[in-house]
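# Structure assessment
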Number of protein chains: 2
Amino acid sequence: MNIQIDYQSRIPIYEQIVLEVEKLVALGILVSNEQIPAIRELAYNLGINPNTVKKAYDTLEKHGVIISKSTKGTYITDNIDIVKNRLINNIIDDIKSKIVELENLGLKKEEIKKKIDV
Amino acid sequence: MNIQIDYQSRIPIYEQIVLEVEKLVALGILVSNEQIPAIRELAYNLGINPNTVKKAYDTLEKHGVIISKSTKGTYITDNIDIVKNRLINNIIDDIKSKIVELENLGLKKEEIKKKIDV
DNA sequence: GTAATTGTACTATAACAGATAGTACAAAGG
DNA sequence: CCTTTGTACTATCTGTTATAGTACAATTAC
């Protein structure tokens, strides 16, 4: 599993793992029912502590992205579409709120459209 | 100076002050050469430590938003337009990168346009 | 069988950024 | 003088993040 961590980032490592896995799922790189690396394995590969990976996996399970099957490993949920849609909607909402910010600063929709070139 | 701080936010207080002041400047609520509250005064009003406000003011001065005049107080720069334009460009860049994210997730420009309703 | 691997669950500690507390100084202005 | 201003320290506290280490039960592989 190819995950990129920025150790200088303000975003905690465990949360970067969450975001990266969700992105890989949304991109279709990780598919339904696929097994993802064991906690200790991913920790070793990233050069970080297993507890940190565990924390990320716990969050991902709470988000409904993965399912841990006790001694059998951890797997991607079979409901990828929900994950993808949630991700897309979050981004859309971000964009919308930023457009409102721009409007508050006096920009008209036409100017915004021109600047962001949609 | 009406500043809103979210003490639960992950964004540090001093940085929230920076963002809020820059927003007030961009909105035209704070105008060129206007004096802003003394460090101790704003700290008292917000119920926080003067050192925290000092850190925010230092950052704002580095950003070219305010100028401190030793014992005479602290003032808004006379070059508000630069501050405003920088703020706008930052938001635009944010939006652009999020649009790229959406495209990577398979959305076409037309779909994006429809969803964000620009 | 048994050794290795899996997720899980702890406790303890370290490291870091952010925030607070307190003190002090020089300069300006009334 | 006294107050207010920005500035400059040191020390400490706090909460989050991350590490270290250990242990256990269940499954898998050989």
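Anyway, here's the lowdown on the structure attached to this text. Source: prediction; values computed, not measured. (Residues numbered from 1 in each chain as written. Chains lettered and ligands numbered in written order. Predicted model: local features only at pLDDT ≥ 70, side-chain atom pairs only at ≥ 80, totals over all residues. Heavy atoms only, no water.)

Moving on, we come to the protein's contact with DNA strand D. As a matter of local geometry, DNA strand D sits amid 21 residues, with Ile 13, Asn 51 and Thr 71 of chain A together with Ser 68 and Ser 70 of chain B nearest to it. Counted by atom, the contact set of DNA strand D within 4 Å of the protein is 62% sugar and phosphate. It is helix H3 (residues 50-62) of chain A that contributes the most residues to the surface near DNA strand D, 3 residues altogether. In terms of residue class, the surface near DNA strand D is built from 6 nonpolar, 10 polar and 5 charged. (Near = heavy atom within 4 Å. Helix = DSSP H or I, 4+ residues; strand = E, 2+ residues; numbered from the N terminus. Nonpolar A, V, L, I, M, F, W, Y, C, P; charged D, E, K, R; others polar.)

This brings us to the relation of the copies chain A and chain B. Of the transformation placing chain A onto chain B, the axial shift is 0.1 Å and the rotation is 180°, giving an RMSD of 0.1 Å. Put plainly, the chains are arranged around a two-fold axis. Across chain A, the smallest distance between a C-alpha and the rotation axis is recorded for Ile 95 of chain A, namely 2.8 Å. Residue by residue, 100% of the interface of chain A is reproduced at the interface of chain B, so both copies engage with the same surface. (Least-squares fit on C-alpha atoms with pLDDT ≥ 70 in both. Contact = heavy atoms within 4.5 Å.)

Moving on to the side chain of Gln 16 of chain A. Residues and elements named next belong to chain A. Among the structural elements, Gln 16 can be located in helix H1 (residues 13-26). A relative accessible area of 8% means that Gln 16 is categorised as buried. Here the side chain of Gln 16 touches Asp 6 through a polar contact of 2.8 Å, landing on its backbone nitrogen. (Buried < 20%, exposed > 50% of the residue type's maximum accessible area, 1.4 Å probe, protein only. Polar contact = N/O pair within 3.5 Å; in protein donor to acceptor, adjacent residues only side chain to side chain.)

So, about the protein's contact with DNA strand C. In the vicinity of DNA strand C, 21 residues are found, and the nearest of them are Ser 68 and Ser 70 of chain A together with Ile 13, Asn 51 and Thr 71 of chain B. For DNA strand C, the fraction of atoms within 4 Å of the protein that belong to sugar or phosphate moieties is 61%. The side chain of Thr 71 of chain B places a nitrogen or oxygen atom 2.7 Å from a sugar or linking oxygen of DNA strand C. If you list the elements that add at least two residues to the surface near DNA strand C, you get helix H2 (39-46) and H3 of chain A together with helix H1 (13-26) and helix H3 (50-62) of chain B. Sort the elements by how many residues they give to the surface near DNA strand C and H3 of chain B lands first, with 3 residues.

Right, let's talk about the packing of aromatic side chains for a bit. Considering all chains together, one arrives at 0 aromatic pairs over all chains under this definition. If you follow Lys 55 of chain A out to its NZ or CZ, it ends over the ring of Tyr 14 of chain A, 4.3 Å from the centre. (Phe/Tyr/Trp six-rings, centres within 6.5 Å; stacked < 30°, edge-to-face > 60°. Lys NZ or Arg CZ within 6 Å of the ring centre and 35° of its normal.)

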